[in-house]
Amino acid sequence: MTIVSATLFGTANIGPLDVISTILRHVGLGAIAPTEPLPRLLDALIWESRVPRVLLAGAVGMALTVAGAVLQSVTRNPLADPYLLGVSSGASTGAVAVLLLGIGGGSLSLSTGAFAGALISFGVLLVLIGGGRVANPARVVLTGVLVSQFFAAITSVILMINGDANSTRGFTYWLLGSLAGARWQLVGVTAVLILVGVVAIQFFAPALDAFTFGWDSAAALGINVRAARVWLLVLTAAITAAAVAASGAIGFIGLLVPHAVRIVAGSMHRTLLPVTALVGAVFLIWIDTFARTAFAPNELPVGVITALLGAPAFALVLRRVNS
């Protein structure tokens, strides 16, 4: 329902039955389509533009919120978000390296460069924290800050040396978060990576519940702490890298949504993770719908809106939790 409803919004006035019919025809179920085929231009607008963008928004929202919930448990830090591991800064470095330095000789896309940069930054993080041997959640947090600042500095150097006004403006817009580049190939790869990662994380729900009481307490409960935290960090980094590579850095959603869901669904991760994934997907779909329609034909970066809405909303969440 959310996918169809969000697809209705845009400059062209298209009814819900037309959207449903177009989707059914493209998935091979045209025989049950409730309306006649639309003109080719409107058909392409729905299938090639709006539907992939809505699906990408859902996948990215799911990844960022689940990653936030996992890191808040693993690090026992209520302020942890998906970018804690330095993945976002690494993605930015990879993207700007492809855009301005021409790495890949034109064969690499911006998203591919961002994904590679995100994985490299996470690899640096793992080396610095000693892989699975680290026994202090605070060290993970501090190392993530260090890695993030290091790759942010590299990005700034590349921009200063090689950037011009147009490239810097374009990169800055990407960095603020945008789903305007959604295409079916990008959506397919991103959605598969995120769905596999989210499903795999669900199997670690008991370990995440135990981590809430500390890594030592989790070990006393029979959890293989070293293996669990390494896998969780790897899976979290992977889905965050996929999300950032596809959309840029969309802030606050991974911090806010898990806390809001805990108020309603409780803290048991077997329930918290799927509910957080669903809420995060729906939330970002509607935020992106607002971003592309509210000031049409101009479009706001999604990250700007999540920050504007997230700051006061998070203040309300904190007030309710502490009351």
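Our structure is the block above this text.
Reference entry: report on the structure contained in this document. (Residues numbered from 1 in each chain as written. Predicted model: local features only at pLDDT ≥ 70, side-chain atom pairs only at ≥ 80, totals over all residues. Heavy atoms only, no water.)

## Observations concerning the pattern of salt bridges
Argument step 1. Tallying each qualifying case throughout the model produces two salt bridges.
Argument step 2. Of the charged contacts in the structure, one is a salt bridge between Asp-288 and Arg-53, with a shortest N-O distance of 2.8 Å. Taken together, the residues Asp-288 in helix 13 (residues 269-293) and Arg-53 in helix 3 (residues 40-74) connect sequence positions 235 residues apart. Arg-53 shares its class with Asp-288; the two are buried.
Argument step 3. Overlapping salt bridges, with partners in common, bring together Arg-53, Asp-288 and Glu-299 in one network. (Salt bridge = Lys/Arg side-chain N within 4 Å of Asp/Glu carboxyl O. Helix = DSSP H or I, 4+ residues; strand = E, 2+ residues; numbered from the N terminus. Buried < 20%, exposed > 50% of the residue type's maximum accessible area, 1.4 Å probe, protein only.)

## Some remarks on helix 2 (residues 16-26)
Argument step 1. Listed in full, the buried residues belonging to helix 2 are Val-19, Ser-21, Thr-22 and Leu-24.
Argument step 2. If you follow the buried residues of helix 2, they end up packed against helix 1 (2-7) and helix 3. (Contact = heavy atoms within 4.5 Å.)

## Brief notes about the packing of helix 3 against helix 13
The description of two helices packed together rests on the angle between their axes and the distance between the axes.
Argument step 1. As a packed pair, helix 3 and helix 13 sit with axes 7 Å apart at the nearest point and diverge in direction by 135 degrees. Between helix 3 and helix 13, the crossing angle belongs to the class labelled oblique. Taken as a pair, helix 3 and helix 13 cross one another with a handedness that is right-handed. Note on element contacts: helix 13 touches helix 3 through His-269, Leu-273, Thr-276, Ala-277, Gly-280, Ala-281, Leu-284, Ile-285, Asp-288 and Arg-292, opposite Arg-53, Val-54, Ala-57, Gly-58, Val-60, Gly-61, Met-62, Thr-65, Val-66, Ala-69, Val-70 and Ser-73.
Argument step 2. When grouped by side-chain class, the residues that make up the contact of helix 3 with helix 13 number twelve nonpolar, seven polar and three charged. (Axes fitted to C-alpha atoms, helices over the stretch in contact; angles between N-to-C directions. Parallel < 35°, antiparallel > 145°, perpendicular 65-115°, else oblique. Left-handed = near helix turned anticlockwise from the far one by under 90°. Nonpolar A, V, L, I, M, F, W, Y, C, P; charged D, E, K, R; others polar.)

## Notes on the packing of aromatic side chains
Argument step 1. Evaluation of the coordinates by the stated rule reveals three aromatic pairs.
Argument step 2. Between the aromatic rings of Phe-9 and Trp-286, the centroid separation amounts to 5.8 Å while the plane-to-plane angle is 85 degrees, which identifies the pairing as edge-to-face. Linking Phe-9 in the loop between helix 1 and helix 2 with Trp-286 in helix 13, this pair joins segments that are 277 residues apart in sequence.
Argument step 3. Judged by relative accessible area, which is 41%, Phe-9 ranks as partly exposed.
Argument step 4. Taking the centre distance of 4.7 Å and the plane angle of 35 degrees together, the rings of Trp-47 and Trp-184 count as tilted. (Phe/Tyr/Trp six-rings, centres within 6.5 Å; stacked < 30°, edge-to-face > 60°.)

## Considering the packing of helix 5 (residues 110-128) against helix 11 (residues 225-247)
Argument step 1. One can describe the packing of helix 5 onto helix 11 by two numbers: an axis separation of 8 Å at closest approach and a directional angle of 155 degrees. When the axis of helix 5 is compared with that of helix 11, the two are roughly antiparallel. Along this stretch, helix 5 crosses helix 11, giving a crossing that reads as right-handed. Of the residues in helix 11, those touching helix 5 at Ser-111, Ala-114, Phe-115, Ala-118, Leu-119, Phe-122 and Leu-126 are Leu-233, Val-234, Ala-237, Ala-238, Ala-241, Ala-242, Ala-245 and Ala-246.
Argument step 2. Here the contact of helix 5 with helix 11 is built from residues that sort into 14 nonpolar, one polar and no charged.

## A short note on the environment of Ile-120
Argument step 1. Relative to the elements of secondary structure, Ile-120 occurs in helix 5.
Argument step 2. Each C-alpha atom, one on Ile-120 and one on Ile-32, is 48 Å from the other, the two residues being 88 residues apart in sequence.

## Remarks on unusual backbone geometry
Argument step 1. Here Arg-76, not a glycine, exhibits a phi torsion of approximately 55 degrees, which is positive.
Argument step 2. Not every positive phi belongs to a glycine, and Phe-252 is a case in point at roughly 80 degrees.
Argument step 3. A relative accessible area of 25% places Phe-252 in the partly exposed class.

## With respect to the nonpolar core
Argument step 1. Residues Leu-85 and Phe-211 are the most contacted members of the largest nonpolar core, which totals 78 residues.
Argument step 2. Ranked by residues supplied to this core, first place goes to helix 3 with 14 residues.
Argument step 3. One finds Val-4, Ala-12, Ile-14 and Leu-38 within the second-largest nonpolar core, a separate group that totals eight residues. (Core = buried A, V, L, I, M, F, W, Y, C linked by side-chain atoms within 4.5 Å.)

## Overview of the side chain of Thr-22
Argument step 1. Its place among the elements puts Thr-22 in helix 2.
Argument step 2. Owing to a relative accessible area of 1%, Thr-22 belongs among the buried residues under this scheme.

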